[in-house]
Amino acid sequence: FFFKTPMFTRILLVVLLVCVSSVFAVGQCAASGLDSSDVTKCIAPCDGNGSYYTLQYTDYTISPYPLIIGEETTITLTLKNSEDISGLSAEIALESSPSFFLNQVLEIDDVCEYAGVDEAECEIPEIDSVELEYSLNLPSLIFHIPGKYCGHVLLKDLSGNTLTCLHFNMQLDAPATK
């Protein structure tokens with residue numbers, strides 16, 4: 001008798017709605033154990049220490065951190081490479097974010113072609129240490145929601161061999177109000 005009452009039906013629907021929305025809102029992220037509040041602990045190699053990969057990062061800086069919507073951010077990576085690489089493909093995956101509709105995977109088959117870089121300039125030689133710096137500005141668009149963004153970046157050569165993989169769990173903040 002209890003199962004046929006309108007109150008039971010409403011309770012069941014609310015419980016189901018809460019369960020389903022919590023799965024979508026929270027998401028599952030392999031990097032969720034990284035400390036998003038600490039710039040020195042928000043990025044890590046997918047394999048734990050990075051020794052498995054051909055292209056390894058030895059250091060990084062992100063300034064300012066946390067990332068701020070509408071402000072320029074500079075990311076500096078120090079890398080070492082154990083073999084010559086010609087061409088890259090990339091997979092950037094948001095596995096968990098403040099809103100489930102932001103969780104998606106961006107695949108770029110040829111990073112050099114995508115960025116408009118000549119193939120001859122897109123070779124990465126075997127090198128003990130090189131520093132790369134990239135500045136970006138996250139514009140104040142409707143889909144940039146402040147909060148934690150968790151996922152991974154996977155780089156492969158054009159033959160599909162994994163070169164490196166980084167997990168990230170980063171904080172994105174709204175600009176300060178005046």
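Placed above this text is the structure.
Values in this document were obtained by computation on a predicted structure and should not be read as measured data.

> Which residues make up the side chain of Thr73, and what values do they have?
Relative to the helices and strands, Thr73 is located in strand β4 (residues 72-81). Here Thr73 falls in the buried class, since its relative accessible area comes to 1%. Setting aside anything within four residues of it in sequence, one finds Thr73 in contact with Ile62, Ser63, Pro64, Leu67, Tyr134, Ser135 and Leu136.

> Summarise the pattern of salt bridges; cite the residues concerned and give the values.
Counted under the stated rule, the structure contains one salt bridge. Across the salt bridge formed by Lys41 and Asp38, the nearest N and O atoms sit 3.9 Å from each other. Since its relative accessible area comes to 46%, Lys41 is described here as partly exposed. With relative accessibility at 22%, the residue Asp38 sits in the partly exposed group.

> Which residues make up the pairing of strand β10 (residues 147-156), and what values go with them?
The element β10 is extensively covered by neighbouring structure, given that seven of its ten residues are classed as buried. Two elements, strand β6 (residues 89-96) and β10, share seven bridges in a ladder whose sense is antiparallel. Each bridged residue has a counterpart across the sheet, and for Glu91 the counterpart in β10 is Leu154. When β10 meets strand β11 (residues 162-173), the two strands line up antiparallel, connected through ten bridges. From the neighbouring strand, Lys148 faces β11, where its bridge partner is Gln171. Between the end of β10 and the start of β11, which pair antiparallel, lie five residues, with Gly160 showing a positive phi angle near 95°.

The rules behind each value
Residues numbered from 1 in each chain as written. Predicted model: local features only at pLDDT ≥ 70, side-chain atom pairs only at ≥ 80, totals over all residues. Heavy atoms only, no water. Helix = DSSP H or I, 4+ residues; strand = E, 2+ residues; numbered from the N terminus. Buried < 20%, exposed > 50% of the residue type's maximum accessible area, 1.4 Å probe, protein only. Contact = heavy atoms within 4.5 Å. Salt bridge = Lys/Arg side-chain N within 4 Å of Asp/Glu carboxyl O. Pairing = 2+ DSSP bridges.

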